[in-house]
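# Survey of secondary and tertiary structure
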Amino acid sequence: MGNPPWERIKLQEKEFIGGKDESIANARNKAERTRLIKKLAQTNPNLLQQFEDEKHFAEAQSKFIRESGRFPLTAKGDINTYAIFDETVRDIINNNGRCGVIVPTGIATDNTTKDFFGI
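Heads up: these notes are all about the structure in this document.

The rules behind each value
Residues numbered from 1 in each chain as written. Predicted model: local features only at pLDDT ≥ 70, side-chain atom pairs only at ≥ 80, totals over all residues. Heavy atoms only, no water. Salt bridge = Lys/Arg side-chain N within 4 Å of Asp/Glu carboxyl O. Axes fitted to C-alpha atoms, helices over the stretch in contact; angles between N-to-C directions. Helix = DSSP H or I, 4+ residues; strand = E, 2+ residues; numbered from the N terminus. Parallel < 35°, antiparallel > 145°, perpendicular 65-115°, else oblique. Contact = heavy atoms within 4.5 Å. Nonpolar A, V, L, I, M, F, W, Y, C, P; charged D, E, K, R; others polar. Patch = residues over 30% accessible without salt bridge, like charges linked within 9 Å, V, L, I, M, F, W, Y side chains within 5 Å. Areas by Shrake-Rupley, 256 points an atom, 1.4 Å probe, with all protein chains shown as cover. Lys, Arg positive; Asp, Glu negative; His and termini not counted. Charge placed at Lys NZ, Arg CZ, Asp CG, Glu CD. Buried < 20%, exposed > 50% of the residue type's maximum accessible area, 1.4 Å probe, protein only. Polar contact = N/O pair within 3.5 Å; in protein donor to acceptor, adjacent residues only side chain to side chain. Expected span 1.5 Å × (residues − 1). Core = buried A, V, L, I, M, F, W, Y, C linked by side-chain atoms within 4.5 Å.

Glancing now at the pattern of salt bridges. Here the structure, examined in full by the defined rule, presents eight salt bridges. Bridged by salt links that share partners, the residues Arg8, Lys10 and Asp78 form one connected network.

Attention now moves to the packing of helix 3 (residues 30-43) against helix 4 (residues 45-67). Between helix 3 and helix 4, the least distance of the axes is 6 Å, while the angle of their chain directions is 130 degrees. Between helix 3 and helix 4, the angle falls in the class oblique. On the side of helix 3, the interface is formed by Ile37, Leu40, Ala41, Gln42 and Thr43, while helix 4 contributes Pro45, Leu47, Leu48 and Phe51. When its residues are assigned to classes, the contact of helix 3 with helix 4 shows seven nonpolar, two polar and no charged.

The next thing to look at is a negative patch on the surface. On the surface, Glu52, Asp53, Glu54 and Glu59 cluster together to form a negatively charged patch. By the element assignment, Asp53 lies in helix 4.

A separate point is the side chain of Glu87. Turning to its location among the elements, Glu87 is positioned in helix 5 (residues 81-92). Of the side chains with opposite charge, Arg90 comes closest to the buried, unpaired Glu87, at an N-O distance of 5.2 Å. Engagement of the side chain of Glu87 in a polar contact is seen with the backbone nitrogen of Leu73, the distance being 3.2 Å. In this structure, Glu87 is in contact with Arg70, Phe71, Pro72, Leu73, Thr74 and Phe116, ignoring residues within four places of it in sequence.

Over its 23 residues, helix 4 runs 32 Å from end to end, which matches the ideal 33 Å to within 8%, given 1.5 Å per residue. Among the residues making up helix 4, those that are buried are Leu47, Leu48, Phe51, Ala58, Ser62 and Ile65. Structurally, helix 4 contributes buried residues whose contacts are with helix 1 (13-17), helix 3 and helix 5. The first or second residue beyond helix 4 is Gly69, which carries a positive phi of 80 degrees.

Next up on the list: the nonpolar core. Core analysis: the biggest nonpolar cluster contains nine residues, these being Phe16, Ile17, Ile24, Ala25, Ile37, Leu40, Leu47, Leu48 and Phe51. Contributions of two or more residues to this core are made by helix 1, helix 2 (22-25), helix 3 and helix 4. When residues in this core are grouped by element, the largest group, three residues, is from helix 4. The contacts of Ile24, once residues within four sequence positions are left out, are Ile17, Arg33, Leu36, Ile37 and Leu40.

Geometric values such as these leave the question of function open.
Next comes the structure, spelled out in structure tokens:
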């Protein structure tokens with residue numbers, strides 16, 4: 001039985017900035033948020049560096065997962081950790097083995113996981 005993390009491997013700007021700079025987190029839309037993030041170079045370069053570091057880390061994780069060949073069925077679209085965990089479980093259990101993993105219904109209904117669920 002397992003309950004893997006359900007995290008998207010993509011930096012969520014609002015979530016990252018929230019609590020660090022509310023004016024950016026509460027921006028009216030993405031365009032305004034992007035403009036305010038660019039202004040951090042003058043107003044808060046440390047926060048901008050943290051943001052850029054986190055963005056790079058998420059992009060590097062995504063690239064590794066996509067290009068490693070390890071997750072051919074679930075490394076598509078916005079990658080979610082529950083899907084790659086499920087693919088790992090499927091690969092390591094014995095042909096006669098069973099497992100239970102708590103995941104969202106998207107594992108069966110999302111377009112990005114249809115290949116995994118179709119097996």
